[in-house]
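# Structural features, examined
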Amino acid sequence: MNDQPIETARRPFVLIWELTRACELACKHCRADAKPHRHPDELSTSDGKQLLEDARAFGDGQLIVLSGGDPLARDDTVELVEYGTDIGLRMTMTPSGTTSLTRERIRTLADAGLRRMALSIDGGSASAHDEFRQERGSFEQTIHAAEETRRAGLPLQINTTVCAETVDELPAIREIVADLDAVLWSVFFLVPVGRGRVLDPISPDHAERVMEWLADVSKIARFDVKTTEAPHYRRVAIERHRSSETAERSPPDGIGRRTGITAGNGFAFVSHTGDVYPSGFLPAVAGSVREESIVDIYRDSERFRSLREPDALRGKCGACEYRHVCGGSRSRAFAYTGDPLESDPLCPYVPTAYDGPLPDQSCKPR
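Procedures and definitions
Residues numbered from 1 in each chain as written. Predicted model: local features only at pLDDT ≥ 70, side-chain atom pairs only at ≥ 80, totals over all residues. Heavy atoms only, no water. Phe/Tyr/Trp six-rings, centres within 6.5 Å; stacked < 30°, edge-to-face > 60°. Helix = DSSP H or I, 4+ residues; strand = E, 2+ residues; numbered from the N terminus. Buried < 20%, exposed > 50% of the residue type's maximum accessible area, 1.4 Å probe, protein only. Lys NZ or Arg CZ within 6 Å of the ring centre and 35° of its normal. Polar contact = N/O pair within 3.5 Å; in protein donor to acceptor, adjacent residues only side chain to side chain. 1 Å grid on protein atoms, 1.4 Å probe; cavity = no way out; pocket = protein on both sides within 12 Å on 5 of 7 lines; lining within 4 Å. Points joined across faces, edges and corners; volume = space filled by probe spheres on them. Nonpolar A, V, L, I, M, F, W, Y, C, P; charged D, E, K, R; others polar.

## Brief notes about the packing of aromatic side chains
Summed over the entire model, instances satisfying the criterion amount to seven aromatic pairs. Ring centres of Trp-185 and Phe-223 lie 6.2 Å apart, and the angle between their planes is 85°; this geometry places the pair in the edge-to-face category. Within this pair, whereas Trp-185 is found in strand 6 (residues 184–189), its partner Phe-223 is found in the loop between helix 8 (204–220) and strand 7 (224–228), the two being separated by 38 residues in sequence. According to the relative accessible area criterion, Trp-185 is buried, its value standing at 0%. Judged by relative accessible area, which is 3%, Phe-223 ranks as buried. Measuring from ring centre to ring centre gives 5.7 Å for Tyr-322 and Tyr-349, while their planes differ by 75°; the resulting arrangement is edge-to-face. One end of the pair, Tyr-322, is in the loop between helix 12 (315–319) and helix 13 (330–337); the other, Tyr-349, is in the segment after helix 13, and 27 residues separate them in sequence. Per residue, the accessibility class of Tyr-322 equals that of Tyr-349, and both read buried. An aromatic cluster of three or more residues is present, and its members are Phe-58, Tyr-298 and Phe-304. The ring of Tyr-298 carries Arg-308 above its face, with NZ or CZ at 4.6 Å from the centroid.

Here's what the structure looks like:
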């Protein structure tokens, strides 16, 4: 029996639509392996409006993230933001830090109803960020766009990728996030897909230390902290809370009272051509919005339904007492083993009830 909360069984907390894979940047970690030009089979403006109409059936205020590539590589992006806003969706965006993100465009997006802007910063200095983004001037452009976002009255989110190349930059990035008055720092732990296959992840033990540090940051920062493709951050937060001398009976911020968001479980992704995945980092097609409603695919496809069954997980994730509040990264399990229900190799925690083989993160992605 599925014991997930009805919210994740019936609707995603986050629905990402990859408007295009076109982008001026050639970032080292790019999931989309972005190209300079748009794909001829992208969803059209009318296709996109139909997708947004369908998504409205999830319920009032469904969160939509317009992603890419660079969503501003399309000339109808503002129109789509305005349309989604008019029909009651919460429209947000993750544009690239390029010259396309001008003051005028940011203000136009705000006027169209955009609810939040998310920008990526992957280095604590211009040289570190620009090297990772493979574009000189990207850091300066991103900082400028972030400042203009705040001036336009838009909540600002900062996204950061964690891998061997960027992990030592995190303390400096934290200071930038604070200086920019961001509302959220979303820290993404590398999944080796797309161009990210050539990057080195950090070790499971190192990841654990980073999450402990993030948990401490979250206690004192003015901004919220969340992790992406690292749901075992919730386990770390629970354990640190329990070990605290001032720990209360309930975990912090509701951790433990509901499941974390993982691929297919509170999360769905629509590609630039309309294919639907549990996540952009789990490229296993569950259907196409050209053929059926995103609502039906999310609720009824076997691919999504299986990912909402924590008791179906295998390996140490399946034996873990935290599987209902964590569940591991299904995307990383898929990248390393080809099976999205296998153990997440980034998590070092070994449940007491498990006596089988441990995941080997030293192996190459499949």
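There's plenty left to go through after this.
## Some details on the pairing of strand 5 (residues 156–162)
With respect to burial, strand 5 is a largely interior element, seven of its seven residues being buried. Residues Leu-156, Ile-158, Thr-160 and Val-162 point to one face of strand 5 and Gln-157, Asn-159 and Thr-161 to the other, with burial holding for every one of them.

## Here we look at the side chain of Asp-122
Looking at where Asp-122 falls in the secondary structure, it is placed in the loop between strand 4 (116–120) and helix 5 (126–133). Separated by 2.7 Å, the side chain of Asp-122 and the backbone nitrogen of Thr-161 make a polar contact.

## Focus: empty space enclosed by the protein
Think of a ball as big as a water molecule: rolled over the atoms, this probe shows where empty space is left. Taken as a whole and assessed by the stated rule, the structure comprises four cavities of 30 Å³ or more. Volume-wise, the largest cavity comes out at about 110 Å³. Along its surface, the largest cavity is lined by 13 residues, and Lys-316, Cys-317, Cys-320, Cys-326 and Cys-347 are the ones closest to its centre. Residues that form the lining of the largest cavity fall into these classes: seven nonpolar, three polar and three charged.

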